[in-house]
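Structural characterization, general
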Amino acid sequence: MPQPSNNLNLLRSLDVLLETRNLTTAAEILGLTQSALSRQLAQLRLEYGDPLLVREGQRFLLTQRAQAMRGPLKAVLAALHSVLDGPGFEPATCTRTFAIAGSDYLADHMLPALVQAMCAQAPAASLNFRLWEPGYYRLLSDEGVDLVATIADLLPENLHGRAMGEDRAVCLMRASHPLAQQTLTLDDYVHAAHLRISGGSDRDGIIEQALARLGLRREVRLTVPFFSAALRVACNQDLLLTVPEHMAIQFAAAAPLVWKPLPFEVPPYRYWLLWHVRNHHDPAHQWFRQLMFDVLHQFEHGVTHFNAH
């Protein structure tokens, strides 16, 4: 029993031949010469054991076998193209739940704009925001998180990323802190009590590494996962809080806080939006991360002094 051709180009040619019943027209549609198409037809006739098209005067007639093949052939080609081309994506009909991870600061300042944009473009889609834990990249590979907004220097294997900007670290304290009215020295910084924010990114790891290079360490009296909690404590206790400059400017404008440059060299904070390689070519994910890019761009220039590049 003859086996159907497994050559997609041959099947496409057969479909056009059965539709047009004209070698000249079919060759033009397919972008082939008539001789090339004639060779394909000869191969198809051999494989199927049937003439498929029979010349009668100036026209071709379909054999019974060819007539029976028309509908199923179109269905097979449509299914093959669907597999090869991938699923289409329309935000307006999307019902997917997207997940992002970041700090509570990011959630406070970026989520309203992101939700507004999602509701406008994809009203049936859902959003899940999770607190990012430093270095916990398994969220992207194993736990269904689509995007992570964090501070990073090196991208782990199998992750894609887009640099969103950079900022420098500064020291934030309440206005009544004993160090608030003087230039902050390295000795002041090391011997003061500190407050640390653990959630969102590993920003404090950069500080510890910079101090370690000097043979020094600081005393962290309190560690909390949230910016909101840290700010409340910083407003009421003599604890130093090291944060990016754009955040310090914003916090000092809204609360009785002051900020000062760090008295030692620290590499800049580099902000990234990260996603796993398995999502890189997914149309829905491409749409979502572009939406996130656009919202973060507005956030950078409209809300803070964040320096994007």
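Up top is the structure.
Given the structure is predicted, the values throughout are model-derived calculations rather than measurements.

**A few points about the environment of V224**
When you line up the elements, V224 lands in strand β9 (residues 219-224). When its relative accessible area of 11% is taken as the criterion, V224 is described as buried. Setting aside anything within four residues of it in sequence, one finds V224 in contact with L195, R196, I197, S198, G199 and A230.

**Quick word on the pattern of salt bridges**
Tallied over the entire structure, the rule returns 12 salt bridges. Residue E19 pairs with K74 through a salt bridge whose shortest N-O separation is 3.4 Å. Of this pair, E19 sits in helix α1 (residues 8-20) while K74 sits in helix α4 (residues 64-85), and the two are 55 residues apart along the sequence. What makes E19 partly exposed here is its relative accessible area of 44%. One salt bridge connects R218 with E208, and the closest N-O pair in it is separated by 2.8 Å. With R218 in the loop between α8 (203-213) and β9 and E208 in helix α8, this pair connects stretches of sequence that are 10 residues apart. Taking the relative accessible area as the measure of exposure, E208 reaches 28% and is therefore partly exposed. If you follow the salt bridges from partner to partner, you end up with R12, D15, E19, R70 and K74 in one network.

**Describing the nonpolar core**
L114, Y189 and I207 are the most contacted members of the largest nonpolar core, which has 45 residues in total. Residues within four places of L114 in sequence aside, it is in contact with I100, L127, L291, M292 and V295. V16, L18, L23 and F60 belong to the second-largest nonpolar core, a separate cluster that totals 22 residues.

**Here we look at the pairing of strand β7 (residues 169-174)**
Of all the six residues making up β7, six are buried; the element is thus mostly covered by neighbouring parts of the structure. Residues of β7 alternate between two faces, with A169, C171 and M173 on one and V170, L172 and R174 on the opposite face, all of them buried. The pairing of β7 with strand β10 (residues 240-244) spans four bridges and is classified as antiparallel. The residue bridging V170 from the neighbouring strand is V243, located in β10. Strand direction decides the pairing type here: β7 and strand β11 (residues 257-261), joined by five bridges, are antiparallel. When the bridges of β11 are listed, R174 appears paired with L257.

**Things to note about the pairing of β10**
Counting buried residues in β10 gives five out of five residues, a clear majority hidden from the surface. Across two bridges, strand β8 (residues 193-197) lies against β10 in parallel orientation. By the bridge assignment for β10, L195 is matched with L241.

**Quick notes on unusual backbone geometry**
A positive phi angle, close to 65°, is found at L52, a residue other than glycine. Mapped onto the elements, L52 comes out in the loop between α3 (34-48) and β1 (53-56). In this model, N158 sits at a positive phi of 70°, which is unusual for a non-glycine residue. Along the chain, the position of N158 falls in the loop between β5 (147-151) and β6 (159-167). Take N158: its relative accessible area is 44%, and that puts it in the partly exposed class.

Thresholds applied
- Residues numbered from 1 in each chain as written.
- Predicted model: local features only at pLDDT ≥ 70, side-chain atom pairs only at ≥ 80, totals over all residues.
- Heavy atoms only, no water.
- Helix = DSSP H or I, 4+ residues; strand = E, 2+ residues; numbered from the N terminus.
- Buried < 20%, exposed > 50% of the residue type's maximum accessible area, 1.4 Å probe, protein only.
- Contact = heavy atoms within 4.5 Å.
- Salt bridge = Lys/Arg side-chain N within 4 Å of Asp/Glu carboxyl O.
- Core = buried A, V, L, I, M, F, W, Y, C linked by side-chain atoms within 4.5 Å.
- Pairing = 2+ DSSP bridges.

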